[in-house]
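The chain contents come next:
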Amino acid sequence: MAEEVSNKQVILKNYVTGYPKESDMEIKNSTIKLKVPEGSNAVVVKNLYLSCDPYMRTRMRKMEGSYVESFTPGSPITGYGVAKVLESGDPKFQKGDLVWGMTGWEEYSIITSTQTLFKIHDKDVPLSYYTGILGMPGMTAYAGFHEVCSPKKGETVFVSAASGAVGQLVGQFAKMLGCYVVGSAGSKEKVDLLKSKFGFDEAFNYKEEQDLNAALKRYFPDGIDIYFENVGGKMLDAVLLNMKLHGRIAVCGMISQYNLEQTEGVHNLLCLITKRIRMEGFIVFEYYHLYPKYLEMVIPQIKAGKVVYVEDVADGLESAPSALVGLFSGRNIGKQVVMVSRE
């Protein structure tokens, strides 16, 4: 008989309007049989780390035709995580393997879509890194900057939400290439981090700027070659006025818009024509074929201390709702992770 164990879960109560609150989620106890369903190629995993990511907010409302499905009210939230395989019906995974990919916000999960899982081979780095620099956010930074932006040495680069999971890496990859890099963030502590830890040339607190257009002119008197877009809204409007001819904008996210019932308009789109700007949205899973190449580049850099990564780790599954909600008020410093279990 398969072992049946208690399984704590984070459940979405209902679809969310406006800013998400901790009370939109609840912690429930259920039970789970630690056995692969008969004839299935699923894997049974114990979840170790869960990733809090801004895109998860869009899944908390009823959506049609999006690239990701809405969460199901009454069921556990799902997202990226790091887990240990307890039993496998898929020949690619064995008991004891460590994996990262899509899993449930619960202590144990049965994962049926095993094609979304990556086996973890390099364990000389913190396992939690596979929710961040060595997982989806790392690939997002790498693909968005190198593939979408086509950067060249010496170009000027602006990154918004620059101390977050993706932004902190984009800035470092741009510096490695020999670019001039400026980031914006929402507190003095984060601005200091950008300059002292991540090596940005300059950084500013957007909350202290009355005029974002003037702020960008101060840091980019000759204009911006590349903008890595994470926030949208007023920031995008100001950036468009400050782009150089043939500038490139990689649209990764628009966190300032996710909680608005009526999203803000962007008024300076004429600049796309007059400055011949290329603005392109992208989704990371279209670039996962580059993952081995990315690891080959980044793991030696991490081990040599040439790329650094800051995490904000919340302890225990009970802390997950608060950690996720905190993303939208900028409470986290660096990549927000939830530690479910050490092993």
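Here the structure is a predicted model, which means the values were calculated and not measured.

Often the size quoted for an interface is simply the accessible area lost on bringing the parts together. Domain boundaries assigned for the protein chain yield domain 1 (4-132 + 310-339) and domain 2 (137-285). One C-alpha centre belongs to domain 1, the other to domain 2, and the line joining them spans 29 Å. Listed per partner, the contact involves 21 residues of domain 1 and 16 residues of domain 2. Between domain 1 and domain 2 the total buried area reaches about 1,500 Å² when both faces are included, carbon and sulfur atoms providing 62% of it. Area buried by domain 1 at its contact with domain 2 is led by Tyr67, Val310 and Ile333, which between them contribute 32% of it. The interface formed by domain 1 and domain 2 includes zero salt bridges. Run the count over domain 1 and domain 2 and you get seven residue pairs in polar contact (both at pLDDT 80 or more). In terms of residue class, the side of domain 1 that touches domain 2 is made up of nine nonpolar, eight polar and four charged.

What follows is about the pattern of salt bridges. It is possible for side chains bearing opposite charge to pair when their charged atoms get close. Summed over all chains, the structure comprises 16 salt bridges. Across the salt bridge formed by Asp122 and Lys303, the nearest N and O atoms sit 3.1 Å from each other. Of this pair, Asp122 sits in the loop between strand E7 (118-119) and helix H1 (136-148) while Lys303 sits in helix H7 (residues 291-303), and the two are 181 residues apart along the sequence. For Lys303, a relative accessible area of 45% corresponds to the partly exposed category. The salt bridge involving Glu209 is made with Arg218; its shortest N-O contact spans 2.7 Å. Judged by its relative accessible area of 47%, Arg218 is partly exposed.

What follows deals with the nonpolar core. Across soluble globular proteins, nonpolar side chains show a tendency to be buried alongside one another. Trp100, Tyr130 and Ile133 are the most contacted members of the largest nonpolar core, which totals 82 residues. Looking at this core element by element, the count peaks at seven residues for H1. Looking at which domains feed residues into this core, each of domain 1 (4-132 + 310-339) and domain 2 (137-285) supplies at least three. Beyond its immediate sequence surroundings of up to four residues, Tyr130 is in contact with Val82, Trp100, Ile120, Asp122, Val125, Gly135, Tyr291 and Ile299. Ranked by size, the runner-up nonpolar core spans 21 residues in total, among them Leu212, Ala238, Met243 and Cys271.

Following the criterion strictly, the structure yields 17 aromatic pairs and no others. Pairing Phe173 with Tyr294 gives two aromatic rings, centres 6.2 Å apart and planes at 75°, and the pair type is edge-to-face. Highlighted residues: Phe173 in helix H2 (residues 167-176) and Tyr294 in helix H7, separated in sequence by 121 residues. Its relative accessible area of 0% is what places Tyr294 among the buried residues. Residues Phe228 and Phe282 carry aromatic rings whose centres are separated by 6.2 Å and whose planes lie at 70° to one another, so their mutual orientation is edge-to-face. Of this pair, Phe228 sits in strand E11 (residues 224-229) while Phe282 sits in the loop between strand E13 (278-281) and H7, and the two are 54 residues apart along the sequence. Assigned by exposure class, Phe228 and Phe282 land together as buried. An aromatic cluster of at least three residues, connected via ring pairs, comprises Phe158, Tyr180, Phe204, Tyr219, Phe220 and Tyr227.

A separate point is the UniProt feature "domain: Enoyl reductase (ER)" (unreviewed entry) in the protein chain. According to UniProt, the "domain: Enoyl reductase (ER)" (unreviewed entry) feature falls on residues 43-338. Taken end to end, residues 43-338 has its terminal C-alpha atoms 22 Å apart, with 25% of it in helix and 25% in strand.

With that settled, the discussion passes to the state of the cysteines. In total, this model carries zero disulfides according to the counting rule given. With no disulfide of its own, Cys52 lies closest to Cys252 among cysteine sulfurs, the gap being 16 Å. Here Cys179 is not disulfide-linked; the sulfur of Cys149 is the nearest cysteine sulfur, at 9.7 Å. Judged by its relative accessible area of 3%, Cys179 falls in the buried class.

Analysis parameters
- The numbers attached to residues start from 1 for each chain and follow its sequence in the written order.
- Under the rules for a predicted model, residues below a pLDDT of 70 receive no local features and side-chain atom pairs below 80 are neither given nor counted, while totals for whole chains, interfaces and linings still include all residues.
- In computing side-chain values, all of the structure's heavy atoms are included and hydrogens and water are not.
- A domain assignment, automatic or from a database, supplies the domain bounds used here.
- In what follows, residue pairs with any heavy atoms lying within 4.5 Å of each other are defined as contacts.
- The term buried area refers to how much accessible surface (probe radius 1.4 Å) is lost by two components on association, counted for both of them together.
- Every case where a carboxyl oxygen of Asp or Glu lies within 4 Å of a side-chain nitrogen of Lys or Arg is listed as a salt bridge.
- Polar contacts, as used here, are pairs of N or O atoms within 3.5 Å; protein pairs need one atom able to donate a hydrogen and one able to accept it. Residues neighboring in sequence count only if both atoms are side-chain atoms.
- Residue type decides the class: Asp, Glu, Lys and Arg count as charged, Ala, Val, Leu, Ile, Met, Phe, Trp, Tyr, Cys and Pro as nonpolar, and the leftover types, Gly among them, as polar.
- What counts as a helix is a DSSP run of H or I of at least four residues, what counts as a strand is a run of E of at least two, and both are numbered from the N terminus.
- Per-residue accessibility, obtained with a 1.4 Å probe over protein chains only, is compared with the maximum for each type, and a residue is labelled buried under 20%, exposed over 50%, and partly exposed between these values.
- Definition of nonpolar core: a set of buried residues of the types Ala, Val, Leu, Ile, Met, Phe, Trp, Tyr and Cys, connected through side-chain atoms within 4.5 Å.
- Only Phe, Tyr and Trp rings are paired, with Trp represented by its six-membered ring, and only when their centres lie within 6.5 Å; those with planes under 30 degrees apart are stacked, over 60 edge-to-face, the remainder tilted.
- UniProt positions are given in the numbering used here, feature names are shortened, and annotations may be inferred rather than shown by experiment.
- For this text, the term disulfide refers to a pair of cysteine sulfurs within 2.5 Å.

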